[in-house]
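Topology and contacts: notes
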Amino acid sequence: MSVVIYVPGDAAAVAVGADRVAKAITEGLARRGVEGRVVRNGSRGMIWLEPLVEVVTAAGRVGYGPVKPRDVEALLDGGLLDGAGHDLRLGDVEKIPFFAKQERFTFKRVGVTDPVSLDDYLAHGGYKGLERAIAMGPADTVEEVFNSGLRGRGGAGFPTGIKWRTVAACAPGKKYIVCNADEGDSGTFADRMIMEGDPFQLIEGMTIAGVAVGADMGYVYCRSEYPHAVIAMNKAIQAARKAGYLGRGVAGSQYDYDMEVRVGAGAYVCGEETSLLESLEGRRGLVRAKPPLPAHKGLFGKPTVINNVLSLAAVPFILSEGAKAYADVGFGRSRGTMPIQLAGNIKYGGLYEIAFGVTLGELVEEVGGGTFTGLPVRAVQVGGPLGAYFPRALFDTPFDYEAFAKKDGLIGHGGIVVFDDNVDMAKQARFAMEFCSVESCGKCTPCRIGSTRGVEVMDKIIAGVEREKNLAILEDLSHTMKLGSLCALGGFTPYPVMSALTHFPEDFGRGPMPLAAE
Amino acid sequence: MPILHAMQETFGYVPQDAIPLIADAMNLSRAEVHGVFTFYHDFRHEPAGRHIVKVCVAEACQAAGARDTSPKFEKALDCAFGETRPDGQVTLEPIYCLGLCACGPSAMVDGRLVGLIDDEAIAEIAAEVRS
Ligand SMILES: Cc1cc2nc3c(=O)[nH]c(=O)nc-3n(C[C@H](O)[C@H](O)[C@H](O)COP(=O)(O)O)c2cc1C
Ligand code: SF4
Ligand code: FES
Ligand code: FES
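Residues numbered from 1 in each chain as written. Chains lettered and ligands numbered in written order. Predicted model: local features only at pLDDT ≥ 70, side-chain atom pairs only at ≥ 80, totals over all residues. Heavy atoms only, no water.

Labelled according to an unreviewed UniProt entry, chain B appears under the name Formate dehydrogenase gamma subunit, originating from Methylopila jiangsuensis. The annotation that UniProt attaches to chain B under Sequence similarities (unreviewed entry) is "Belongs to the complex I 24 kDa subunit family." (UniProt positions renumbered as here; feature names shortened; annotations may be inferred.)

The name given to chain A in an unreviewed UniProt entry is Formate dehydrogenase subunit beta, with the source organism recorded as Methylopila jiangsuensis. In the Sequence similarities (unreviewed entry) part of its UniProt record, chain A is described as follows: "Belongs to the complex I 51 kDa subunit family."

Put into structure tokens, the structure is as follows:
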């Protein structure tokens, strides 16, 4: 009998030794003359347990983790192949509370299947969504996405259905689907985990988009920091093409659709959609003024749907299970689930997909278990480098686009970065300005010059030079950047800066915030 | 951009002489190609060291301790961020997020990912770079 052992090939698992564990297991099996297969699955998202090894036994999959290469021999001798007891034994990983409490719509196959096996994808419900889209026809497919309430997961939260309607309504002709896989926000890795852990789902989502709006070509623009994701996507695209799911007449229908991966070159601003299009066309990633919208004049001047990885990866579920199943969960105008990423100084970090409405406090304290240093949580940054810092006092904020906006924050791409009480918030504010100055595309003066000035001003504040005067300059500068920037890089950098100052004034040499400040 | 990526892959950087050649081949002006080349952080203008160590300096890694580990890298490798050591053995570069934010601080050493960086990991990387 041949055994099957899963050892994640996810970049985070690899970074903590999964390749060496996989090698040790393969060699250990060979030495024992045991016939076995090591499958490099995606990650289950419980990063603190990586490398998380799972063995298929008669009683189901049994997990062990975190496994170090030097643990492998003892595990094999101790009956790993039968799921026997050991200090590292986790049992059925789907019963671990962190996992069991989730609602995995978009991540249901990640960590379960062999990511680059089309057969595995099909055996786990793959391509049911495309089948239904083809049966329904383009117009109803667009309406299905609209009715699901899906909003863009790249940051802005714009209704995906409306975007698709706009492109579908453009006169027939060349149109494109572009997937934004630039995922530059610190604290986020959900796009990466989809591309590495279930690439066919993204391909299927983009194919459905192509059918729905009448586009026959798509591009995934992936950041260069994600080489594993590029490899997985390319393998999956080849397999899909070979099986007739890409190319002429996808899945035997009358619709043509094909796609390619393009790799960025290390520029945060290229995640902004118009900068991304410039970059795809081979130019410098300068942000374009809108209008025209990419939906009207996008890639090479043609109508283009540009969506984040998570937006497109949610589509196969919406089509196969129905818009209602997706829209039934959520909070207010935020429907469906959000793959939340718990990062930084957190005990149980990883990917947590849940319906909107869970509070920030629940996520950080209950799900995440607080900090790994064991010190109290002082601040969390939500939504990447352009997102606000939240103090504990705002931990009752529900995860919802509008609720976060009301608190002068944003959920962005769903990343939560936790800091313990050693953090110096003035340094974090300085970093936000520095990041903006390094990554500015240079088109607007407030962003380009303002952020450089911001770093200088923060240096003076940190050094204690004319604090009140410099804080006034900082506030003024933030105001100018907010109003005078073309895109959110310059426009939103004031969020982390001002939230740090508002909620943690003592780090800037101002007295603690009076309690009645609300 | 695919051409610039390919150049960098082959030579480790994009030689200045290549710009006019690319411009001719693509039917673009030299200024256009130069503009693209200088816009993106990835493209190197000079040859890099024999080993390339990219250390994440973004927020999630800062929260996990990178504000302490980054200076340790400079010390252990005897090389400042953004520079190549005079003996050509190593280039140390800051990078903004590798998507390993739940197992930071993180780095990429000659293309290999490393998470949960501590003193031991830095010592190992320094040893690797010596060879
Ligand atoms: C500076 C900047 C960086 C951005 N980076 C990303 C990114 O990495 N990934 C992404 O999907 N959207 C990013 N966006 C948002 C995109 O401009 C755009 O809203 C998104 O791709 C639309 O897709 P969605 O509707 O599916 O969210 C960024 C925006 C700005 C201003
Ligand atoms: S705000 Fe900054 S990044 Fe955005 S368009 Fe202006 S200069 Fe470019
Ligand atoms: S990418 Fe270097 S300036 Fe924007
Ligand atoms: S912030 Fe360092 S890997 Fe994401």
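All right, on to unusual backbone geometry then. What you tend to see is this: most non-glycine residues have negative phi, and most peptide bonds are trans. Residue and element names in this part refer to chain A. A cis amide bond links Glu50 with the next residue in sequence, Pro51, at an omega value of -10°. One can find Pro51 in the loop between β2 (36-39) and β3 (53-57). The omega torsion of the bond from Lys290 to Pro291 falls at -5°, within 30 degrees of zero and hence cis. Residue placement: Pro291 occurs in the loop between α12 (273-280) and β9 (304-308). If you check the backbone angles, Tyr127 has positive phi at about 65° while not being a glycine. In this fold, Tyr127 is placed in the loop between α5 (118-123) and α6 (128-136). The buried category is assigned to Tyr127, whose relative accessible area is 3%. The phi torsion at Glu466 lies on the positive side, around 40°, for a residue other than glycine. (Helix = DSSP H or I, 4+ residues; strand = E, 2+ residues; numbered from the N terminus. Buried < 20%, exposed > 50% of the residue type's maximum accessible area, 1.4 Å probe, protein only.)

All names here are of chain A. Applying the stated criterion across every chain, the model contains two cavities of 30 Å³ or more. Of the volumes computed, that of the largest cavity is approximately 60 Å³. Forming the walls of the largest cavity are Val287, Ser440, Cys441, Gly442, Lys443, Cys444, Cys447, Ser485, Leu486, Cys487, Leu489 and Gly490. Residues belonging to the lining of the largest cavity are distributed by class as follows: seven nonpolar, four polar and one charged. Its boundaries defined by the atoms lining it, the second largest cavity holds a volume of some 50 Å³. Lining the second largest cavity are 13 residues, and of these Arg109, Gly125, Glu204, Pro316 and Ser320 lie nearest its centre. Secondary-structure elements contributing two or more residues to the lining of the second largest cavity are α6, α10 (199-213) and α13 (309-321). With three residues, α13 is the largest single contributor of residues to the lining of the second largest cavity. Grouping the amino acids of the lining of the second largest cavity by side-chain chemistry returns four nonpolar, five polar and four charged. (1 Å grid on protein atoms, 1.4 Å probe; cavity = no way out; pocket = protein on both sides within 12 Å on 5 of 7 lines; lining within 4 Å. Points joined across faces, edges and corners; volume = space filled by probe spheres on them. Nonpolar A, V, L, I, M, F, W, Y, C, P; charged D, E, K, R; others polar.)

All names here are of chain A. Residues in close proximity to ligand 1 total 18 residues, the closest being Gly154, Asn180, Asn307, Asn308 and Ser311. The side chain of Asn180 places a nitrogen or oxygen atom 2.9 Å from an oxygen atom of ligand 1. Contact between ligand 1 and Glu183: an oxygen atom at 3.1 Å from a main-chain N or O atom of the residue. When the free accessible area of ligand 1 is taken as 610 Å², the share hidden by the protein chains comes to 91%. When each cavity is represented as a set of grid points, ligand 1 is found to reside in the largest pocket. Of all the secondary structure elements, the ones that give two or more residues to the shell around ligand 1 are β9 and α20 (488-492). When residues in the shell around ligand 1 are grouped by element, the largest group, three residues, is from β9. When grouped by side-chain class, the residues that make up the shell around ligand 1 number four nonpolar, eight polar and six charged. (Near = heavy atom within 4 Å. Polar contact = N/O pair within 3.5 Å; in protein donor to acceptor, adjacent residues only side chain to side chain. Areas by Shrake-Rupley, 256 points an atom, 1.4 Å probe, with all protein chains shown as cover. Sits in = over half its atoms within 2 Å of the grid points.)

Residues and elements named next belong to chain A. In the vicinity of ligand 2 lie 13 residues, with Cys441, Lys443, Cys444, Cys447 and Cys487 positioned nearest. According to the grid-proximity analysis, the pocket containing ligand 2 is the largest cavity. Its residues assigned to classes, the shell around ligand 2 shows eight nonpolar, four polar and one charged.

Now for the pairing of strand β1 (residues 51-56) of chain B. Pairing geometry for β1(B) and strand β3 (residues 90-95) of chain B, over six bridges, is parallel. Counted as the bridge partner of Val53(B) is Leu92(B) from β3(B). (Pairing = 2+ DSSP bridges.)

Turning our eyes to something else, we now look at the interface of chain A and chain B. In this complex, chain A contributes 53 residues to the contact, which on the side of chain B involves 31 residues. Carbon and sulfur atoms make up 63% of the area that chain A and chain B hide from each other, which totals about 3200 Å². Put simply, chain A and chain B have 20 residue pairs in polar contact (both at pLDDT 80 or more) between them. Elements represented by at least two residues in the side of chain A that touches chain B include exactly α1 (11-15), α11 (227-242), β12 (337-344), β16 (415-420) and α17 (425-439) of chain A. It is α17(A) that provides the largest number of residues to the side of chain A that touches chain B, a total of six residues. (Contact = heavy atoms within 4.5 Å. Buried area = accessible area lost by both parts, 1.4 Å probe.)

Among the nonpolar cores identified, the biggest contains 145 residues, and Trp164(A), Ile203(A) and Phe508(A) are the most heavily contacted of them. Here this core spans two domains, since at least three of its residues come from each of domain 1 (2-39) and domain 2 (51-130) of chain B. Look past the residues within four positions of Phe508(A) in its chain and what remains in contact with it is Met425(A), Ala426(A), Ala429(A), Met458(A), Ile461(A), Arg467(A), Leu471(A), Ala500(A) and Leu501(A). Phe99(A), Met338(A), Val358(A) and Phe390(A) belong to the second-largest nonpolar core, a separate cluster that totals 32 residues. (Core = buried A, V, L, I, M, F, W, Y, C linked by side-chain atoms within 4.5 Å. Domains from an automatic or database assignment.)

Attention shifts here to the domain arrangement of chain B. By the assigned domains, chain B splits into domain 1 (2-39) and domain 2 (51-130). For domain 1 of chain B versus domain 2 of chain B, the separation of C-alpha centres amounts to 28 Å.

All names here are of chain A. Most of strand β7 (residues 217-222) is tucked away, with six of its six residues classed as buried. Residues Met217, Tyr219 and Tyr221 point to one face of β7 and Gly218, Val220 and Cys222 to the other, with burial holding for every one of them. Sheet topology places strand β6 (residues 176-181) next to β7; six bridges connect them, and they run parallel. Bridge pairing in β7 places Ala181 opposite Cys222. Sheet analysis places β7 next to strand β8 (residues 258-263), joined by six bridges and oriented parallel. Each bridged residue has a counterpart across the sheet, and for Tyr219 the counterpart in β8 is Glu260.

This brings us to helix α1 (residues 2-11) of chain B. Residues and elements named next belong to chain B. For α1, the full list of buried residues reads Leu4, Met7 and Gln8. Down the axis of α1, the sector holding all buried residues measures 95°, keeping them to one side. Relative to its buried face, α1 has exposed residues pointing more than 90 degrees away, namely Pro2, Glu9 and Thr10. Just downstream of α1 lies Gly12, where phi reads positive at about 85°. (Arc of directions from axis to C-beta.)

We now examine the sheet that holds β8(A). Residue and element names in this part refer to chain A. Read across the open sheet, the four strands follow the order β8-β7-β6-β9; overall the sheet is parallel. Edge positions in the sheet fall to β8 and β9, since each has one partner strand and no second. The sheet shows a mean angle of 20° between the axes of neighbouring strands, taken without regard to direction. Lying over the sheet, α11 contacts β7 and β8, oriented at roughly 165° with respect to β8. Against the sheet, α13 makes contact with β6 and β9, and its axis sits at roughly 95° relative to β9, the strand it touches most. (Axes fitted to C-alpha atoms, helices over the stretch in contact; angles between N-to-C directions.)

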